[in-house]
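Spelled out, the chains give:
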Amino acid sequence: SGNRTIIKQGNRFIMHKNEAANIQRLYPGARTMPLRGGLKQTVYTRKDGVRIVSEVDGAGRIVRRYGQAPGGRRIVYLDNRRFYRNLGFGVGIAAVGIGVALALSRPAVAMPRERYIVDYDRASDDDLYEVLIAPPIERLERAYSLDEIRYSQPLRERLRRIDLDSITFELGSFEITEDQYSKLERIARAMGRAIDKNPAEVFLIEGHTDAVGTPEDNLSLSDRRAEAVARVLSEQFSIPIENLVTQGYGEQDLKVPTDGPERANRRVAVRRITPMLSQEGGEER
């Protein structure tokens, strides 16, 4: 539902969505047009005149995203063309799970856990900013596609994260009430600082649920939670949506191990994924 498709691979469920439709939900003024080779291009122009272009393939995967400023400056957020060229742009959506097959072990975390997984309520503004500009905790072998990052937990675990524990959801709900908007002000401020330093920064917003309900329903629900946070950050705090990607993980990463209802498991987390992405030089002139 809602342009989301759930794929079962072995004993895991993967949630995939059409990125062009997702952009239009977050930015209703965006226009989508066909390109050669089965690609589609979605374009919108920010208030500052920067033209944001996202290209997706026939499966709805982001092939690349970049910004074009009026003066000619180009900012490349991500470029997956070399990853998908051999696979084929027109392949079916089952191929989006390619990242799950990465043969990676879980990283060795040498730093204290409270610095590796930062509790939003207990962190200072400088702590939040530090996480949002931090490199991976282990050296990377190469750049990765967005799909590989989204669908490989051992890969994501090479990045520090911020748990937005102050934003919680009612059982079965993905709505963020207006009285909770102000709780996102500090993370928005830290994101803004990071983007001011590097306009090509990309942050992954992860949605999670407790274990109540089916895995399929929880995947869809968690993805809507991540998207709800992205919408508030964009609409209320002016964080550009091109700097954000969202993904739901359902009940796959319970913070409190229980099969029952648990508010702490109905949460959202943020990671900086910029160092893992292929950006082909990042900001260019």
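Here the structure is a predicted model, which means the values were calculated and not measured.

Looking at helix α8 (residues 215-237)
(1) Moving on: The end-to-end C-alpha separation of α8 is 32 Å, in line with the 33 Å expected for 23 residues at 1.5 Å each.
(2) Moving on: In the stretch just after α8, S238 is the one whose phi turns positive, near 60°.

Thoughts on the sheet that holds strand β9 (residues 161-163)
(1) Moving on: Reading across from one edge, β8-β9-β12-β10-β11 is the order of the five strands in this open sheet, with mixed pairing throughout. With partners counted over all chains shown, the strands left at the sheet margins are β8 (117-119) and β11 (244-248), one partner each. Within the sheet, the average angular offset between the axes of one strand and its neighbour, ignoring direction, is 25°.
(2) Moving on: Both β9 and strand β12 (residues 268-272) contribute to a ladder of three bridges, which runs antiparallel.

Let's talk about the pairing of β12
(1) Moving on: Most of β12 sits out of view: five of its five residues are buried.
(2) Moving on: Inspection of the sheet shows strand β10 (residues 203-207) paired to β12 by five bridges, in the antiparallel sense. By the bridge assignment for β12, E206 is matched with A269.

Focus on the environment of L233
(1) Moving on: Among the secondary structure elements, L233 is positioned in helix α8.
(2) Moving on: Residues L233 and G71, spaced 162 residues apart in sequence, show a C-alpha to C-alpha distance of 27 Å.
(3) Moving on: Filtering out sequence-adjacent residues up to four positions away, L233 remains in contact with L184, I187, A188, M191, I205, S238, I239 and L244.

A word on the packing of aromatic side chains
To describe a pair of aromatic rings, one takes the distance between the centres and the angle between the planes.
(1) Moving on: If you walk through the whole model with that rule in mind, you get one aromatic pair.
(2) Moving on: Ring centres 4.3 Å apart and planes at 25° place the aromatic pair Y27 and Y44 in the stacked group. Separated by 17 residues along the polypeptide, Y27 in the loop between α1 (19-26) and β3 (31-34) and Y44 in strand β4 (residues 40-45) bring together distant segments of the chain.
(3) Moving on: In this structure Y44 comes out as buried when scored by relative accessible area, which is 4%.
(4) Moving on: The ring of Y66 carries R74 above its face, with NZ or CZ at 4.0 Å from the centroid.
(5) Moving on: Seen from the ring of Y120, R186 lies directly overhead, with NZ or CZ sitting 4.9 Å from the centre.

Structural notes on the environment of S145
(1) Moving on: Position of S145 relative to the elements: it lies in the loop between α4 (125-132) and α5 (146-151).
(2) Moving on: When its relative accessible area of 2% is taken as the criterion, S145 is described as buried.
(3) Moving on: With 62 residues separating them in the primary sequence, S145 and F83 have C-alpha atoms 6.5 Å apart.
(4) Moving on: Dropping the residues within four chain positions of it, S145 is found in contact with N80, F83 and Y84.

Observations concerning the confidence of the model for the protein chain
(1) Moving on: On average, the protein chain scores 88 in pLDDT, and the residues at 70 or more come to 92%.
(2) Moving on: Taken together, the stretch residues 281-285 has pLDDT below 50 and engages in 11 contacts with residues farther than four places along the chain or on a different chain.

Remarks on the nonpolar core
The nonpolar side chains of a soluble globular protein tend to be buried, and buried together.
(1) Moving on: The biggest cluster of nonpolar side chains holds 31 residues, and the ones touching the most others in it are I162, L164, I187, M191, I205 and L233.
(2) Moving on: Those elements that place two or more of their residues in this core are α4, α7 (185-197), β10, α8 and β12.
(3) Moving on: Filtering out sequence-adjacent residues up to four positions away, I187 remains in contact with Y120, L128, L132, I162, L164 and L233.
(4) Moving on: Membership of the second largest hydrophobic core comes to 28 residues, among which are A20, A30, Y44 and I62.

Quick notes on the rules
- Residues numbered from 1 in each chain as written.
- Predicted model: local features only at pLDDT ≥ 70, side-chain atom pairs only at ≥ 80, totals over all residues.
- Heavy atoms only, no water.
- Helix = DSSP H or I, 4+ residues; strand = E, 2+ residues; numbered from the N terminus.
- Expected span 1.5 Å × (residues − 1).
- Pairing = 2+ DSSP bridges.
- Axes fitted to C-alpha atoms, helices over the stretch in contact; angles between N-to-C directions.
- Buried < 20%, exposed > 50% of the residue type's maximum accessible area, 1.4 Å probe, protein only.
- Contact = heavy atoms within 4.5 Å.
- Phe/Tyr/Trp six-rings, centres within 6.5 Å; stacked < 30°, edge-to-face > 60°.
- Lys NZ or Arg CZ within 6 Å of the ring centre and 35° of its normal.
- pLDDT = per-residue confidence, 0-100.
- Core = buried A, V, L, I, M, F, W, Y, C linked by side-chain atoms within 4.5 Å.

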